[in-house]
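# Breakdown of the fold
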Amino acid sequence: MDLLHLLAAMLVMWVGAQYLLGPIVVWLTLSIPERYVYPRLDPSDLLADDYRAQPLHDDLLRLGFVPAGASRVQVVSGLYYAHPEDGAAACIMLAPKYACVAFFQHHAHARLHLSNSRMPSPYPSWDRKIGHVLPGCRDVEELFRHFRTLRTRLALPGPVRASVDHVLAMSEAFENDQLERLLAIGYFARTPRNGRRRATFKGALRMAWKLARPSRLIIVMLASRRARAAVDGA
């Protein structure tokens with residue numbers, strides 16, 4: 001019984017540390033650029049630097065995607081692609097703890113997005129960002145098929161065809177639009193310091209709680225169920 005009490009106490013301390021200390025750590029350490037400017041990198045360098053990228057890159061080429069550039073934002077590197085015939089775009093996202101593939105397409109008033117990331121976005125939902133996740137779908141061809149099904153079912157107005165010359169620029173512009181919304185709802189400071197915007201305590205609290213392991217697992221599970229229902233038309 002004493003061992004059970006000890007294990008329960010350790011579990012409570014572990015969970016409590018994430019929800020109590022996590023927001024403080026985020027508030028003290030997290031900042032984002034005053035404005036996002038995607039550096040244009042050589043895709044071949046990212047492919048050579050990260051062994052996880054090459055198989056995903058090959059899968060996208062087999063599906064008809066064409067390389068459209070590479071960039072790095074914070075600690076996440078991205079390889080971007082456009083599909084000349086379909087009009088969709090794709091991105092291989094490479095972070096220290098995960099690698100995933102995302103398919104997306106810009107529309108007149110929103111961006112449709114489907115990825116197999118196991119990490120939820122720390123930001124709140126937004127009607128201009130229609131995002132779904134299928135973390136259990138590791139097959140890139142199957143994930144693309146699900147994306148196309150979603151796109152057909154939702155039939156969002158004003159689809160914009162992705163092109164090799166504009167995928168990076170459009171992604172950068174959308175990131176800055178999202179930044180403006182985060183400022184408007186008080187997640188980051190409006191006044192930058194040394195070219196960076198620090199998280200407000202409100203933003204740090206909500207982002208830390210969302211990414212704490214118990215919350216994160218539940219959020220991803222529910223998001224995956226919603227994505228499956230959307231794909232199946234339920």
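The rules behind these values
Residues numbered from 1 in each chain as written. Predicted model: local features only at pLDDT ≥ 70, side-chain atom pairs only at ≥ 80, totals over all residues. Heavy atoms only, no water. Axes fitted to C-alpha atoms, helices over the stretch in contact; angles between N-to-C directions. Helix = DSSP H or I, 4+ residues; strand = E, 2+ residues; numbered from the N terminus. Parallel < 35°, antiparallel > 145°, perpendicular 65-115°, else oblique. Left-handed = near helix turned anticlockwise from the far one by under 90°. Contact = heavy atoms within 4.5 Å. Salt bridge = Lys/Arg side-chain N within 4 Å of Asp/Glu carboxyl O. Buried < 20%, exposed > 50% of the residue type's maximum accessible area, 1.4 Å probe, protein only.

### What to know about the packing of helix α4 (residues 140–154) against helix α7 (residues 213–232)
For the pair α4 and α7, interaxial distance at closest approach is 8 Å and the crossing angle is 65 degrees. Accordingly, the angle class assigned to the pair α4 and α7 is roughly perpendicular. Note that α4 runs across α7; the crossing there is left-handed. Seen from α4, the contacting residues are E142, H146, T149, L150 and R153; seen from α7, they are R228, A230, V231 and D232.

### Observations regarding the pattern of salt bridges
Applying the stated criterion to the full structure yields 6 salt bridges. For D50, the salt bridge goes to R52, with nearest N and O atoms at 2.7 Å. Look at D50 and you get buried, because its relative accessible area is 15%. Classification of R52 by relative accessible area gives partly exposed; the value is 22%. A salt bridge links D59 to R62; the nearest nitrogen and oxygen atoms lie 2.3 Å apart. On the criterion of helical spacing, the pair formed by D59 and R62 is a turn pair, its members being 3 residues apart in helix α3 (residues 53–62). D59 gets classed as partly exposed once you look at its relative accessible area, which sits at 24%. Residue classification places R62 among the exposed positions, given a relative accessible area of 62%. Among the charged side chains, a network of salt bridges with common partners joins D86, R148 and R151.

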